[in-house]
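Structural overview for review
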Amino acid sequence: VMAATMKGPVGVEDVNVTFADQQKINKFARNTNRMTELKNEIEVKKKSLQNLQDASDDLMMLDDDALLIPYQIGDVFVSHTQEETQEMLEAAKETLEQEVKGLEERVSAIQQVLGDLKVQLYAKFGNNINLEADES
């Protein structure tokens, strides 16, 4: 969890937190939370991707081309040929890879915003503000 927190006693004459500053701090916190959510979503999708890859690998090891493979679509399993199932797995993997790529691009954009905000906030508050991740 990352949070913008003020460090130690800050004299009023030292640092005046304006409404604009507070907006930047809030934006920093919101973007940090959003980035954490996106990274979690990426992890989930990567696990799904690995599961699809494992299924695909297992499928390739089958000798029997006549075997029908049950493939889950929503709540039901539909049996397909090995080739059809392989094609469906590939399509599902491609879709997930695109989703992961999109999420990673959003994380990069947020990191850019956070970097800019850090520069502005540290320039004003120096050591009086902590914008680093809590390792808890």
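Residues numbered from 1 in each chain as written. Predicted model: local features only at pLDDT ≥ 70, side-chain atom pairs only at ≥ 80, totals over all residues. Heavy atoms only, no water.

1. A word on the overall build of the protein chain
Of the regular secondary structure elements, the protein chain holds two helices and four strands. Each of the 136 residues in the protein chain was classed as buried or not, and the buried ones make up 26%. Sequence separation of at least 24 residues holds for 68% of the intrachain contacts in the protein chain that already meet a minimum separation of 6. Accessible surface for the protein chain amounts to roughly 9,200 Å². Of this, 53% is attributable to carbon and sulfur atoms. (Helix = DSSP H or I, 4+ residues; strand = E, 2+ residues; numbered from the N terminus. Buried < 20%, exposed > 50% of the residue type's maximum accessible area, 1.4 Å probe, protein only. Contact = heavy atoms within 4.5 Å. Areas by Shrake-Rupley, 256 points an atom, 1.4 Å probe, with all protein chains shown as cover.)

2. Considering helix 2 (residues 82-125)
Under the 1.5 Å per step criterion, the end-to-end length of helix 2 is 62 Å for 44 residues, consistent within 8% with the ideal 64 Å. Downstream of helix 2 by one or two residues, glycine 126 has phi in the positive range, about 55°. (Expected span 1.5 Å × (residues − 1).)

3. Let's talk about the side chain of lysine 93
Position of lysine 93 among the secondary structure elements: in helix 2. Under the relative-accessibility criterion, lysine 93 is labelled buried at 8%. Dropping the residues within four chain positions of it, lysine 93 is found in contact with Leu49, Leu52, Gln53 and Ser56.

4. Brief notes about the UniProt feature "coiled-coil region" (unreviewed entry) in the protein chain
Those residues carrying the UniProt feature "coiled-coil region" (unreviewed entry) are residues 79-113 in this numbering. The span residues 79-113 is 91% helical and 6% strand by assignment, and the distance between its end C-alpha atoms comes to 48 Å. (UniProt positions renumbered as here; feature names shortened; annotations may be inferred.)

5. With respect to the packing of helix 1 (residues 19-60) against helix 2
Put simply, helix 1 and helix 2 touch, their axes get as near as 8 Å, and they point 160° apart. As judged from the angle between their axes, helix 1 and helix 2 are roughly antiparallel. The two elements helix 1 and helix 2 meet at a crossing, and its hand is left-handed. Looking at the contact of helix 1 with helix 2, its residues break down into 22 nonpolar, ten polar and 16 charged. (Axes fitted to C-alpha atoms, helices over the stretch in contact; angles between N-to-C directions. Parallel < 35°, antiparallel > 145°, perpendicular 65-115°, else oblique. Left-handed = near helix turned anticlockwise from the far one by under 90°. Nonpolar A, V, L, I, M, F, W, Y, C, P; charged D, E, K, R; others polar.)

6. So, the pattern of salt bridges
Close approach of charged atoms lets side chains of opposite charge pair. Scanning the entire structure with this criterion turns up seven salt bridges. Between glutamate 37 and arginine 34 there is a salt bridge, and its shortest N-O distance comes to 2.9 Å. With a gap of three residues between them, glutamate 37 and arginine 34 both fall in helix 1, about one helical turn apart. What makes glutamate 37 partly exposed here is its relative accessible area of 46%. Residue arginine 34 is classed as partly exposed on the basis of its relative accessible area of 29%. Note that lysine 45 and glutamate 99 form a salt bridge whose closest N and O atoms lie 2.7 Å from each other. One end of the pair, lysine 45, is in helix 1; the other, glutamate 99, is in helix 2, and 54 residues separate them in sequence. (Salt bridge = Lys/Arg side-chain N within 4 Å of Asp/Glu carboxyl O.)

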